[in-house]
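As a plain string of letters, each chain reads:
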Amino acid sequence: MAAIEIKNLVKSFGPVKAVDGVSFSVEAGSVTGYLGPNGAGKTTTLRSLLGLVTPDSGEALVNGRRYVALPRPVTEVGAVLEATNFHPGRTARNHLRVLCTAAGLPGSRADEALEQVGLADAADKRVLGFSLGMRQRLALASALLGRPRVYILDEPANGLDPAGIEWLRGFLRHLAHVEGAAVLVSSHVLAEVEQTVDNVVIIAKGRLVRQGSLAELTSNGERVIRVRSAQAADLAPALETAGGMVERVEDGLLRVRGLDAETIGRVALDRRIVVTEVTQERSDLQTVFLELTEGR
Ligand SMILES: Nc1ncnc2c1ncn2[C@@H]1O[C@H](COP(=O)(O)OP(=O)(O)OP(=O)(O)O)[C@@H](O)[C@H]1O
Ligand SMILES: [Mg+2]
């Protein structure tokens, strides 16, 4: 049984089909990126998993059950949704303690969770003075309280600075790969999750566009470099000698695997070969995502 399972999920809001027959699953020990342009239906899917949206048809299951049927949800699934509201006058610690009490968890979990998200020093500060990034971390802390093994995070990188995004990457990977949790994280920015996720599900206009492992969608992360030169016939064997796999596409154009752009440049320089183009080809994943976002 998958930790998270979406089966033929359909949800309309009036004439808008927000989610139109989406299916995918997330296994324990892995991070899945749920990607799509604005309005694609990501939040609607995640809210369905949390019992906040009632699907027209299909199912959204956590640990094989609908959210409402989970005996103790906080111990099974932690969630961060968009625009989480905090009582601004409360301190970070008090905010979490209130949640602990409501969920029947020991108050000591508040400080442990603050520690985990790097907010221990701000425990006694009022949430009112928190930056957007600190609020995101606090939202994440609240998801950790019940030590769940399933995480559903809607655009958790929003508002984080580059260092915060880097921290989040490591944190999500740790949850999945070290603690064995199932992590589903949405984003409308591919680059934000590309270095974090094991699997990718892409949706647009409520429909599934592509899904697979990151390795599949990026040809195992293998970089293909296009090299253009009038002396391609001389350059190709030189690149092969340097360890590259060279495909001759057309007169003057090569596709090279196994060498980086710098090495290719050096090989050309050594042979005094003029190169007019050295470009990295986009991965399938980047191409698919770009087409979706450009088509808007
Ligand atoms: N409560 C609602 N009432 C009416 N329409 C809604 C509601 N929630 C979502 N929608 C519509 O459903 C579609 C999908 O919205 P959703 O918020 O799920 O997309 P998203 O992928 O999360 O987008 P974003 O990247 O902007 O967060 C949009 O057209 C949106 O306007
Ligand atoms: Mg959204």
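Definitions and cut-offs
- Residues numbered from 1 in each chain as written.
- Chains lettered and ligands numbered in written order.
- Predicted model: local features only at pLDDT ≥ 70, side-chain atom pairs only at ≥ 80, totals over all residues.
- Heavy atoms only, no water.
- Pairing = 2+ DSSP bridges.
- Helix = DSSP H or I, 4+ residues; strand = E, 2+ residues; numbered from the N terminus.
- Axes fitted to C-alpha atoms, helices over the stretch in contact; angles between N-to-C directions.
- Phe/Tyr/Trp six-rings, centres within 6.5 Å; stacked < 30°, edge-to-face > 60°.
- Buried < 20%, exposed > 50% of the residue type's maximum accessible area, 1.4 Å probe, protein only.
- Lys NZ or Arg CZ within 6 Å of the ring centre and 35° of its normal.
- Near = heavy atom within 4 Å.
- Polar contact = N/O pair within 3.5 Å; in protein donor to acceptor, adjacent residues only side chain to side chain.
- Areas by Shrake-Rupley, 256 points an atom, 1.4 Å probe, with all protein chains shown as cover.
- Parallel < 35°, antiparallel > 145°, perpendicular 65-115°, else oblique.
- Left-handed = near helix turned anticlockwise from the far one by under 90°.
- Contact = heavy atoms within 4.5 Å.
- Nonpolar A, V, L, I, M, F, W, Y, C, P; charged D, E, K, R; others polar.

Chemist: Account for the sheet that holds strand S10 (residues 224-228), naming residues and giving values.
Modeler: In space, the four strands of this open sheet follow the order S11-S12-S10-S13, with antiparallel pairing throughout. At either margin of the open sheet sits one strand with a lone partner, and together these are strand S11 (245-250) and strand S13 (277-280). Going from strand to strand, the sheet's axes swing by 25° on average, the running direction of each strand aside. With five bridges connecting them, S10 and strand S12 (residues 253-257) associate as antiparallel partners. Bridge pairing in S12 links Ile-225 to Val-256.

Chemist: So what's going on with the packing of aromatic side chains? Residues and values would help.
Modeler: What the rule picks out here adds up to two aromatic pairs. Between Phe-24 and Tyr-34 the ring centres are 5.0 Å apart and the planes differ by 40°, which places this aromatic pair in the tilted class. Placement of the pair is Phe-24 in strand S2 (residues 16-26) and Tyr-34 in strand S3 (residues 30-35), with a sequence separation of ten residues. We note that Phe-24, like Tyr-34, is buried. With centroids separated by 5.1 Å and ring planes inclined at 20°, the aromatic side chains of Trp-167 and Phe-171 adopt a geometry described as stacked. In this pair, Trp-167 and Phe-171 both sit in helix H6 (residues 162-178), four residues apart, roughly one turn of the helix. A residue is classified by how much of its surface remains accessible, and Phe-171, at 10% relative accessible area, is buried. Arg-137 extends its terminal NZ or CZ atom over the ring of Trp-167, reaching a point 4.3 Å from the ring centre.

Chemist: Describe the site of ligand 1, and please don't skip the residues or the numbers.
Modeler: Around ligand 1, the surrounding shell holds 13 residues, and the nearest of these are Gly-39, Gly-41, Lys-42, Thr-43 and Thr-44. Note that an oxygen atom of ligand 1 is positioned 2.9 Å from one of the backbone N or O atoms of Gly-41. With respect to ligand 1, the side chain of Thr-44 contributes an N or O atom lying 2.6 Å from an oxygen atom. In isolation ligand 1 exposes 630 Å². Once the protein is present, 61% of that is buried. Of all elements in the fold, only S2 and helix H1 (42-49) reach the threshold of two or more residues within the shell around ligand 1. If you tally residues by element for the shell around ligand 1, the top one is H1, at three residues.

Chemist: How would you explain the packing of helix H3 (residues 92-103) against helix H5 (residues 132-144) if you had to name every residue and give the values?
Modeler: Between two packed helices, the angle of one axis relative to the other and the distance separating the axes together describe the packing. The interhelical angle for the contact between H3 and H5, taken along N-to-C directions, is 30°, at an axis separation of 10 Å. The angle between H3 and H5 places the two elements in the roughly parallel class. Seen along the crossing, H3 lies across H5 with a hand that is right-handed. In this structure, H3 uses Ala-92, His-95, Leu-96 and Leu-99 to contact H5, whose residues at the interface are Leu-138, Ala-141 and Ser-142. Taken together, the residues of the contact of H3 with H5 sort by class into five nonpolar, two polar and no charged.

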